[in-house]
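Residue strings, one per chain:
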Amino acid sequence: MAAKATWLIERSLVLEAALKLVEKGLVLGKAGNVSQRLKQPSGPDLLVITPTSRYYDSLAPEDMPVVDLDSRVVDGVLAPSSELKLHIAIYKAREDVGAVVHTHSIHASALAVAHLGIPAVLEEEVALLGGGINVAEYGASGSDELANNAVDALRDNDGVILANHGAVGVGRTLRGALDAAELIEKAAEVYLLARTTGSVKLLSVQSVAAAREVFRHSKRSREA
Ligand SMILES: [Zn+2]
């Protein structure tokens, strides 16, 4: 008899989040990927991640592979997302991150192609994502280079744009990471529209500092 599948609640939540990415138009078809960190009572962290090259509406919770931070599948049959290295690099670099969402949303991708970040133009962008959004240097899909460049450009913010590729939102929870991915897309659209007027006014240094304090405070209260 096959062993009983583990982490089924977490696997179903990751699948649900992946379905939301498609519903919300943040990815097309089999693109994008979602993961959640799994804290074991004893033993190293694991993660559950969407599988590679599958339509999310054709999957069941147990189809989400459970993987360790050395990329070994510990439960599941399907191969993990081709961006597994990106997810693992973020979890290793950022202990505060509990979930990662990678999208190919249109406006963030347009900025990714232009190698343009999003400066601090909206208070909610700074309060929820930590500041303006950087563009990571280019790395091919699935490569160590993409993973390392993304971590470097993410710093301690909750969003980053991947050059010529898409975007990544992170959060303490799946809901938080999804919110981050949606807000990156909104801020990207607003910034691109504002640029067409020829007049983009950045938030003042004081406003950025105040919104950044909101970001820091919400992180601290989530850790408490
Ligand atoms: Zn991608």
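Residues numbered from 1 in each chain as written. Predicted model: local features only at pLDDT ≥ 70, side-chain atom pairs only at ≥ 80, totals over all residues. Heavy atoms only, no water.

**Q** How should the nonpolar core be read in this particular structure?
**A** Side chains that are nonpolar tend, in soluble globular proteins, to be buried together. Membership of the largest hydrophobic core comes to 23 residues, with the highest contact counts inside it found for Leu21, Val34 and Val101. Secondary-structure elements contributing two or more residues to this core are helix 1 (8–23), strand 1 (33–38), strand 2 (46–49), strand 5 (99–103) and helix 6 (174–197). The element that contributes the greatest number of residues to this core is helix 1, accounting for 5 residues. Excluding its chain neighbours within four sequence positions, the residues that come into contact with leucine 21 are Leu26, Val27, Asn33, Val34, Val101, His102, Thr103 and Leu178. Core analysis: the second largest hydrophobic core is formed by 22 residues, Ile49, Leu84, Val97 and Leu146 among them. (Core = buried A, V, L, I, M, F, W, Y, C linked by side-chain atoms within 4.5 Å. Buried < 20%, exposed > 50% of the residue type's maximum accessible area, 1.4 Å probe, protein only. Helix = DSSP H or I, 4+ residues; strand = E, 2+ residues; numbered from the N terminus. Contact = heavy atoms within 4.5 Å.)

**Q** I'm lost on the packing of helix 2 (residues 84–93) against helix 5 (residues 144–154) in this one. Help?
**A** Working note: a packed helix pair is described by the angle between its axes plus the distance between those axes. Contact geometry of helix 2 with helix 5 gives a least axis separation of 8 Å together with a crossing angle of 40°. Considered as vectors, helix 2 and helix 5 are oriented oblique to each other. As helix 2 packs across helix 5, the resulting crossing turns out to be right-handed. Between helix 2, through Lys85, Leu86, Ala89, Ile90 and Ala93, and helix 5, the contact on the second element is made entirely by Asp144, Leu146, Ala147, Ala150, Val151 and Leu154. (Axes fitted to C-alpha atoms, helices over the stretch in contact; angles between N-to-C directions. Parallel < 35°, antiparallel > 145°, perpendicular 65-115°, else oblique. Left-handed = near helix turned anticlockwise from the far one by under 90°.)

**Q** Help me understand the pattern of salt bridges in this model?
**A** Scanning all chains against the criterion turns up 15 salt bridges. A salt bridge links aspartate 68 to arginine 72; its shortest N-O distance comes to 3.0 Å. Overall, the relative accessible area of 11% leaves aspartate 68 in the buried class. Ionic pairing is found between glutamate 213 and arginine 216, a salt bridge with its closest N-O pair at 3.1 Å. Here arginine 216 and glutamate 213 lie together in helix 7 (residues 205–223), a separation of 3 residues that amounts to about one turn. For glutamate 213, a relative accessible area of 37% translates into the label partly exposed. By relative accessible area, which is 38% here, arginine 216 ends up partly exposed. (Salt bridge = Lys/Arg side-chain N within 4 Å of Asp/Glu carboxyl O.)

**Q** When you look at the coordination of the zinc ion in this model, what are you seeing that I'm missing?
**A** For a metal bound by four donors in a tetrahedral arrangement, the ideal donor-metal-donor angle is 109.5 degrees, while six donors in an octahedral arrangement ideally sit at 90 or 180 degrees. Protein-derived ligands of the zinc ion are His102 (NE2), His104 (NE2) and His165 (NE2), with the metal-ligand distances lying across 2.0 to 2.1 Å. In the primary structure, the donors to the zinc ion are separated according to the pattern H-x1-H-x60-H. Residue histidine 102 is found in strand 5, and its partner histidine 165 is found in the loop between strand 7 (159–162) and strand 8 (166–171); the two are separated by 63 residues along the sequence. Both residues of the pair, histidine 102 and histidine 165, count as buried. (Donors = N, O, S within 2.8 Å, 3.2 Å for Na, K, Ca; no water.)

These results come straight from atomic positions and should not be treated as a statement about function.
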